[in-house]
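# An overview of the molecular structure
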Amino acid sequence: MTLETQNGHCEEHLPLEIDRMSITLGHGAGLRVVDDFSLSVRKGEIVGLVGESGSGKSVTCLAAMGLLSEEWQIDGHIQVANTHIDRTTDRKDLLSLRGRGAAMVFQDANASLNPIQKVGKQLTDTVARLRGVSRSQARQTALDLLRQVEMPDPEERFHSYPFQLSGGQNQRVMIALALAGKPELLFADEPTTALDVTVQSQILNLIRKLRDETGMGVVFVTHDLGVVSELCDTVAVMYKGKLLERGSVEQIMTNPQNDYTKKLLAAMPALPHDDPGPSTPPQSKIADEALLRLRNVACDYKTRKGTFRAVEDVSLALRTGDSLAVIGESGSGKSTISKLMLGIEPPSEGSALFEGEPVPLLGTREYKPFARKVQLVPQNPYLSLDPRATLGDQIEEPFVIHGIGSPAERFVRRNELLEAVQLTPAHGERYPHEVSGGQCQRAVIARALALEPKLLICDEATASLDVSVQARIIELLQDLQEKFHLSLVFVTHDLRLIHGLCNRVAVMCKGELVELNRTDAMFANPRHPYTRELLAAIPDVLSQSAAE
Amino acid sequence: MTRIILRKLFRAALTLFLVVTFVFFVLRITGDPVSAMMPDDTDPAIMEQLREQWGLNRPLGVQYAEYWKNLATGDFGNAYRDGRPALDIVLERVPATLKLTLTGFLFILLIGFPMGIAAAVNRGSAVDRLIMTLSVTGFSLPNFFLGILLILVFSVNLRWLPAFGSGHWYNLIMPVITLGTAGGAVIARYVRSSMLEVLNAPYIRAARACGMSERAIIWTVALPNAAIPSITVIGFMVGALISGSIVTETVFAWPGIGRLLIDSVSSRELAVVQTIVMMTAASMVIANLTVDILYLIIDPRQRYGTGSGE
């Protein structure tokens, strides 16, 4: 369906036409990143470009913007807003294309704005340059753009620096910048990935509204099929640089043709709708006495401007065999909760008790025996592993620290652990950079399990992994919980991950515990308005496809 | 912001105090002005009398207290030889040194920044390699050697420039090159690496995506951001300039503080040495204070006290 609208000489060009494009890194026989890829975008169409990291989505956008450096070789036909792009394209034509013909917003809005210039000035400069108007007119337009992207207090924000704004606000500024030249086409490269769900849904609404107002075409790059089903008209699925499948959202969501698309859809964490029953963990093994208890805890952080209360008056208990999800957006205090449980931060008020004893503070003598019972799985596996030691050695390290077993016994245990997390003994010989992110996280989990802890605290343990990998790690945790009789605290911002894994859920908002509930009850009947808001903000494949 | 500056001022005062104290004791422990000044066969009684007269035979602690008491009244002490106030002796040499160091400073910035920017923008090209080679050569050459080389080539052989003297603008050329080459070479490397880092930042790509021309990106976005880390190095440069001026002034017989310092140390003119040390320490401290304040002006994140760019 790529070229059928271009029959004959129509006076109207498409915002984007890519025909049989290949992109290679390095000249000659370099690394082929995009292979024989075709895509077209009509006016007012939002196309979702979906795939895992490394599938070539971002490179495709950068190529169309003429933003790839000379070490990339591009073959095939690319036409963006009436400008043909290849190596011979004049530099001037590229400059006038960018901003006016096509604009782009990026994933990390905080880092994509000049850090030492006020956002108002950045906008004014861009408007003046792209529209060729006077400074005072540009200033007025800049303010209008801030209003158009629904920036709260635009007059005031106009004089703010990027570091004074939130991630969502900066993304609004980026979108305003992209609109400054009235582009026919907008590339949005994972613009909501770094944002909280509620902010994400605001930005998605904004993009839809702007499309309606301006009639621009949008290429929305994402790995999240939920976002696609909520926002996009059509979907293109990419895998290893190839276009696997292209169609309307309904087609792809309800009747995917390609195996990879099916896998991707199956891997999508989804909210329970009709049958919350079977996947909820069994309640029978849960003991009555509390393993871990937070009693009216508060936690203060000292800042230059005084103290900041990150957590206020939180009480909760975790019984042996429980698995508790701690849910919240950034700044909600959910990570502080895990730090209190781990003794990384002392409670400023109240107490944190483990098996009836106060949780010892990290670095004290009492911590070592405590560490045998409570272990942490942090977010980024590459950061929590020593890059210069093999995975196996690092899994053995807890035994060394606690003086457990002979070297031979340790080696046996290490291989058992590797198998428990579905790795092979051969993986034990590799270094972190030699394995994938998912395999790395498995090794981290194996290391955390080495001492057979009673409680495993996972702090956003799957947040930096691709969706399909994420799903397998969740399965692994479910499996291990059963096998090792673990209690689990699973800290996450993604509500979709917890059903099936956690039997109870604690929802944090601005440092307070707003809802403590059974997971199925929370999904079926959220008590607190904030929980309802969170649930409503989640882009969800099932609800969308069911509605259509 | 005033609190930050006040704290920095307090630290500056502490630095000055420590430097002056250190120099006071080291000078007195390592040698005696009277024996340095008088011929070896002088009658010990006369030497003792001179010591008595200048108060050098009193306990060090007493001398030290006396020194601070006089300083408080603006008295920096007198030179032993001719009895003139040390401050006057130093001050009359200041203009010559200022002329040399300030021109040297300008020279450093004028070669450092453009070369660093040119190297970063043309990364990996012949221009980059040439500039980096020059830079390594520049800071590997000891400045006294460079000075002598310049004199040999331009004064002795070509006879284009005078080897010493300070009356004309052209007298400055060789001393300034001698003084500034190493600093310029260092700045060029720093500017290059911080420019490279900034040019890879996401906001540069975003600026390109907004249709900003490459030249505008370099001058209005990349350079101001890259200047922030470079400023620290410029602060260090002031120290290098002062110590470099001692050597340079000696090589080119420049009538500045540097040469006065060398002369005064060898003749044990304690008051003069101390005054010079105090003044150079003060100018170092002022330079670093200026750098800190420049930071606050250029980088809004510092001004609002958020530290990082997050």
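Model, not experiment: these values are computed from the prediction. (Residues numbered from 1 in each chain as written. Chains lettered and ligands numbered in written order. Predicted model: local features only at pLDDT ≥ 70, side-chain atom pairs only at ≥ 80, totals over all residues.)

Helix and strand counts for chain B come out as 14 helices and zero strands. Listed N to C, the secondary structure of chain B is α-α-α-α-α-α-α-α-α-α-α-α-α-α in terms of helices and strands. For the C-alpha atoms alone, the extent of chain B along its principal axes is close to 85 × 55 × 30 Å. A total of 310 residues make up chain B; the buried ones form 34% of that total. Pairs at least 24 apart in sequence give 73% of the contacts found in chain B among residues at least 6 apart. (Helix = DSSP H or I, 4+ residues; strand = E, 2+ residues; numbered from the N terminus. Buried ≥ 20, exposed ≤ 12 C-beta atoms within 10 Å, placed from the backbone. Contact = placed C-beta atoms within 7 Å.)

Take the overall build of chain A next. Within chain A one finds 21 helices and 20 strands. Here chain A has a C-alpha radius of gyration of 26 Å; the compact-globule value for 548 residues is 24 Å, and the two agree. When its C-alpha atoms are laid out on the principal axes, chain A stretches across 75 × 55 × 45 Å. When the 548 residues of chain A are sorted by exposure, 47% land in the buried category. Within chain A, residue pairs in contact and separated by at least 24 positions form 68% of the contacts whose partners lie at least 6 positions apart. (Rg over C-alpha atoms; globule rule 2.2 N^0.38 Å.)

Turning next to the interface of chain B and chain A. Size of an interface, as often reported, equals the accessible area lost when the parts are brought together. Contacts between the two partners involve 22 residues from chain B, matched on the other side by 27 residues from chain A. Among the secondary structure elements, those contributing two or more residues to the side of chain B that touches chain A are helix H10 (202–209), helix H11 (214–251) and helix H14 (300–303) of chain B. The element contributing the most residues to the side of chain B that touches chain A is H10 of chain B, with six residues. For the side of chain B that touches chain A, the per-class residue count stands at 11 nonpolar, six polar and five charged. (Nonpolar A, V, L, I, M, F, W, Y, C, P; charged D, E, K, R; others polar.)

Another aspect to go through is unusual backbone geometry. Residue and element names in this part refer to chain A. A positive phi angle is found at arginine 20, which is not glycine, with a value near 50 degrees. Among the secondary structure elements, arginine 20 is positioned in strand E1 (residues 16–25). Under the C-beta neighbour-count criterion, arginine 20 is labelled partly exposed, with 13 such atoms within 10 Å. In this structure, histidine 485 is a non-glycine residue whose phi angle is positive, near 50 degrees.

Another aspect to go through is the nonpolar core. Residues and elements named next belong to chain A. Formed by 147 residues in total, the largest nonpolar core has its most connected members in Ala64, Ala176, Val219 and Phe220. When near neighbours in sequence (up to four residues on either side) are disregarded, alanine 64 contacts Leu16, Ile18, Ile78, Val80, Ile85, Ala102 and Phe187. Judged by nonpolar contacts, the second largest core, of 72 residues, contains Ala310, Val326, Ile445 and Ile457. (Core = buried A, V, L, I, M, F, W, Y, C linked by C-beta atoms within 7 Å.)

A word on the confidence of the model for chain B. Reading fine detail from the predicted coordinates is not recommended where pLDDT is low. Across chain B, the average pLDDT comes to 86, with 98% of residues at or above 70. Per the prediction output, this complex has pTM 0.77; the corresponding ipTM is 0.75. (pLDDT = per-residue confidence, 0-100.)

Let us look at the sheet that holds strand E14 (residues 349–354) of chain A. Residue and element names in this part refer to chain A. Taken in spatial order, the four strands of this open sheet run E12-E11-E14-E15, and their pairing is antiparallel. Strands with a single pairing partner mark the edges of an open sheet, and in this sheet they are strand E12 (306–319) and strand E15 (357–358). Inspection of the sheet shows strand E11 (residues 290–303) paired to E14 by five bridges, in the antiparallel sense. Note that in E14 the partner of arginine 293 across the bridge is leucine 353. Contacting E11, E12 and E14, helix H12 (residues 334–342) crosses the sheet at an angle of about 115 degrees to E11. (Pairing = 2+ DSSP bridges. Axes fitted to C-alpha atoms, helices over the stretch in contact; angles between N-to-C directions.)

All names here are of chain A. Judged by how many residues are buried, strand E9 (residues 234–239) sits mostly within the fold: six of six residues are covered. Here E9 runs beside strand E10 (residues 242–248); their pairing, made up of six bridges, is antiparallel. What sits directly across from valine 235, in E10, is glycine 247. Connecting E9 to the next strand, E10, in antiparallel fashion are two residues, including lysine 240 with a positive phi near 45 degrees.

What follows is about helix H16 (residues 407–420) of chain A. Because each turn of an α-helix spans 3.6 residues, side chains separated by three or four positions end up pointing in the same direction. Residue and element names in this part refer to chain A. Compared with the 20 Å implied by 1.5 Å per residue over 14 residues, the 20 Å span of H16 between its first and last C-alpha is a close match. All buried positions along H16 are accounted for by Arg410, Arg414, Leu417 and Leu418. Viewed end-on, H16 has its buried residues packed into an arc of 100 degrees, placing them on one side of the element. The exposed set on the far side of H16, more than 90 degrees from its buried face, consists of Ala408, Glu409 and Val412. Looking at the buried side of H16, the elements it contacts are helix H15 (391–401) and helix H17 (437–449). Positive backbone phi, approximately 60 degrees, marks glutamine 422, located one or two places after H16. (Expected span 1.5 Å × (residues − 1). Arc of directions from axis to C-beta.)

Below, the discussion takes up the sheet that holds E9 of chain A. Residue and element names in this part refer to chain A. Across the sheet, which stays open at both edges, the six strands sit in the order E6-E7-E8-E3-E9-E10 with mixed pairing between neighbours. Among the strands making up the open sheet, the edge pair consists of strand E6 (102–105) and E10. Sheet twist, expressed as the mean angle between neighbouring strand axes with direction ignored, is 15 degrees.

Residue and element names in this part refer to chain A. Residues Tyr530, Thr531 and Leu534 constitute the buried set of helix H20 (residues 529–537). Each buried residue of H20 sits inside an arc of 100 degrees when the element is viewed along its axis, so together they form one side. The exposed residues of H20 that point more than 90 degrees off its buried face are Pro529 and Ala536. In this structure, the buried side of H20 is in contact with helix H8 (197–214), strand E19 (504–509), strand E20 (512–518) and helix H19 (519–524).

Time to look at the environment of aspartate 93 of chain A. Within the element layout of this structure, aspartate 93 of chain A appears in helix H2 (residues 91–97). Taking C-alpha positions, aspartate 93 of chain A is 7.6 Å from threonine 83 of chain A, a pair spaced 10 residues apart along the chain.

Residue and element names in this part refer to chain A. Where helix H11 (residues 259–267) meets helix H18 (residues 467–484), the closest approach of the two axes is 8 Å, and the angle between their N-to-C directions is 50 degrees. When the axis of H11 is compared with that of H18, the two are oblique. The interaxial crossing formed by H11 with H18 has left-handed handedness. Along its contact with H11, which presents Lys263, Leu264 and Ala267, the element H18 presents Val467, Ser468 and Ala471. Tallied by class, residues from the contact of H11 with H18 come to four nonpolar, one polar and one charged. (Parallel < 35°, antiparallel > 145°, perpendicular 65-115°, else oblique. Left-handed = near helix turned anticlockwise from the far one by under 90°.)

What follows covers the packing of H15 of chain A against H16 of chain A. Residue and element names in this part refer to chain A. In the contact formed by H15 and H16, the axes pass within 9 Å of each other and the chain directions differ by 120 degrees. Between H15 and H16, the angle falls in the class oblique. Handedness of the crossing formed by H15 with H16: right-handed. Residue-level contacts link Gly392, Ile395, Glu396 and Phe399 of H15 to Arg410, Arg413, Arg414, Leu417 and Leu418 of H16. Here the contact of H15 with H16 is built from residues that sort into four nonpolar, one polar and four charged.

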